[in-house]
Amino acid sequence: MYRLPSPPRGPRGSTLIEVALVLVMLGLLAAIAVPRFLAARSRALQTEARHNLKSWAQAQHAYHQETNGYTQDIRTLGFTVERGNRYAYYFGDDSKCELRETATLPPMTGSVECIGVDVYVHGLDRNDSKPAPRRFKVIHLGPGDATNVPGISGPCPGCNTDAVAVGQLDDEPHGVDTWYIATENVSIDSASDICGTERGDVVPAKTPINTYDDIECDI
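Residues numbered from 1 in each chain as written. Predicted model: local features only at pLDDT ≥ 70, side-chain atom pairs only at ≥ 80, totals over all residues. Heavy atoms only, no water.

K.L.:
So what's going on with the overall build of the protein chain? Which residues, and what values?
P.N.:
Of the regular secondary structure elements, the protein chain holds 3 helices and 10 strands. When its helices and strands are written in sequence order, the protein chain yields α-α-β-β-β-α-β-β-β-β-β-β-β. By residue count, 39% of the 219 residues in the protein chain fall in the buried class. In the protein chain, the proportion of contacts linking residues at least 24 apart, taken out of those at least 6 apart, comes to 57%. (Helix = DSSP H or I, 4+ residues; strand = E, 2+ residues; numbered from the N terminus. Buried < 20%, exposed > 50% of the residue type's maximum accessible area, 1.4 Å probe, protein only. Contact = heavy atoms within 4.5 Å.)

The structure is reproduced here in structure tokens:
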């Protein structure tokens, strides 16, 4: 017997179970992808500190060749950091700091030995302009003294000078990203509260080291 063909079926709707499975899968993908994206973004931001500290050390090297000494005043050194910086930089006395709170920097008299975070560009509160670095201690493998306080130490011409960069890369208040550089070889003291560099590692002169990694170390 001949039978009429069945009419074509319309599109089948998704069941609640199928929708729930899709949502769970999307949630899992987001849980994996978002932290990785944020970590990659933070890693990119860390290049700012490395680049500026290396440039500062190179400028100090050139200055030392001419004068047999160093200077904490970055104006005398002929060094600065471009606007938009997410890190604060300490080269000596942190009371002599260029605070970047307005579109045009106000004129400063005297030496400049510190640069604050550009809170104007990033829309931050002025209290965020000078984050304090995580405490750590280095051992100088040269004539300088064993301090991590930014500035000149030891008798010149065989002296040393240090600098520190500090930035808040996430919303976790436990720690801040801290970078350190010296013009002589150093080693990280075993008693230091660090996370990012192995204690006892010898770090060559003019090499930035991440003494506290704000990405990996916050709890």
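K.L.:
An account of the state of the cysteines is requested, with residue identities and associated values reported.
P.N.:
One covalent bond between the sulfur atoms of two cysteine residues makes up a disulfide. This structure, assessed with the given rule, holds 2 disulfides. Each sulfur in the disulfide pair C97 and C114 lies 2.3 Å from the other. Disulfide C97-C114: the torsion about the S-S bond is -50 degrees, which places it as left-handed. Of this pair, C97 sits in strand β2 (residues 97-100) while C114 sits in strand β3 (residues 114-118), and the two are 17 residues apart along the sequence. The residues C97 and C114 share a single accessibility class, namely buried. (Disulfide = S-S within 2.5 Å.)

K.L.:
Pulling in residues and values, what's your account of unusual backbone geometry?
P.N.:
Between C156 and the following residue, P157, the backbone shows a cis peptide bond with an omega angle of 15 degrees. Residue placement: P157 occurs in the loop between β5 (151-153) and β6 (160-167). Despite not being glycine, N68 has its phi angle at roughly 60 degrees, a positive value. Relative to the helices and strands, N68 is located in the loop between α1 (16-67) and α2 (74-77). The class of N68 is partly exposed, set by a relative accessible area of 48%. Positive phi is not limited to glycine here, since K206 has a value of about 60 degrees.

K.L.:
Pulling in residues and values, what's your account of the environment of C217?
P.N.:
Looking at the secondary structure, you find C217 in the segment after β10 (209-212). In the structure, C217 is positioned 41 residues away from V176 in sequence and 9.4 Å away in space, judged by C-alpha atoms.

K.L.:
I'd like to hear about the layout of surface pockets, residue by residue, with values.
P.N.:
Quantified by volume, the largest pocket comes out at close to 330 Å³. If you trace the largest pocket, you find 13 residues lining it, with R86, L124, Q168, L169 and D170 closest to the centre. (1 Å grid on protein atoms, 1.4 Å probe; cavity = no way out; pocket = protein on both sides within 12 Å on 5 of 7 lines; lining within 4 Å. Points joined across faces, edges and corners; volume = space filled by probe spheres on them.)

K.L.:
Give a detailed account of the sheet that holds strand β4 (residues 138-140), specifying residues and quantitative values.
P.N.:
Strand pairing in a sheet is mediated by backbone hydrogen bonds. Such pairs are either parallel or antiparallel. Pairing is antiparallel across the open sheet formed by 3 strands, whose spatial order is β4-β8-β9. In the strand order of this sheet, the two ends are held by β4 and β9 (202-203), each with one partner. (Pairing = 2+ DSSP bridges.)

K.L.:
Tell me what's going on with the side chain of E113, and back it up with residues and numbers.
P.N.:
When you line up the elements, E113 lands in the loop between β2 and β3. Not counting residues up to four positions away in its chain, the partners in contact with E113 are Q72, D73, Y89, Y90, F91, G92, D93 and K96.

K.L.:
Outline the pairing of strand β1 (residues 87-90), listing residues and values.
P.N.:
Because side chains alternate across β1, one face comprises the buried residues Y87 and Y89, and the other comprises A88 and Y90, equally buried. Inspection of the sheet shows β1 paired to β6 by 4 bridges, in the antiparallel sense. Pairing of Y90 across the sheet is with V164, part of β6. Sheet topology note: the β1/β3 ladder contains 2 bridges and is antiparallel. Opposite Y89, over in β3, you have I115 as the bridge partner.

K.L.:
So what about a nonpolar patch on the surface? Which residues, and what values?
P.N.:
Residues I139, L141 and V202 make up a contiguous nonpolar surface patch of about 250 Å² in total accessible area. Assignment of secondary structure puts V202 in strand β9. (Patch = residues over 30% accessible without salt bridge, like charges linked within 9 Å, V, L, I, M, F, W, Y side chains within 5 Å. Areas by Shrake-Rupley, 256 points an atom, 1.4 Å probe, with all protein chains shown as cover. Salt bridge = Lys/Arg side-chain N within 4 Å of Asp/Glu carboxyl O.)

K.L.:
So what's going on with the pattern of salt bridges? Which residues, and what values?
P.N.:
Should the charged atoms of two oppositely charged side chains come close, the side chains can pair. Overall, the coordinates contain 4 salt bridges when judged by the stated rule. We note a salt bridge from R100 to E98, for which the minimum N-O separation is 2.8 Å. Exposure remark for E98: the relative accessible area of 14% places this residue in the buried category. Residues R126 and E101 are paired through a salt bridge, measuring 3.4 Å at the closest nitrogen-oxygen approach.

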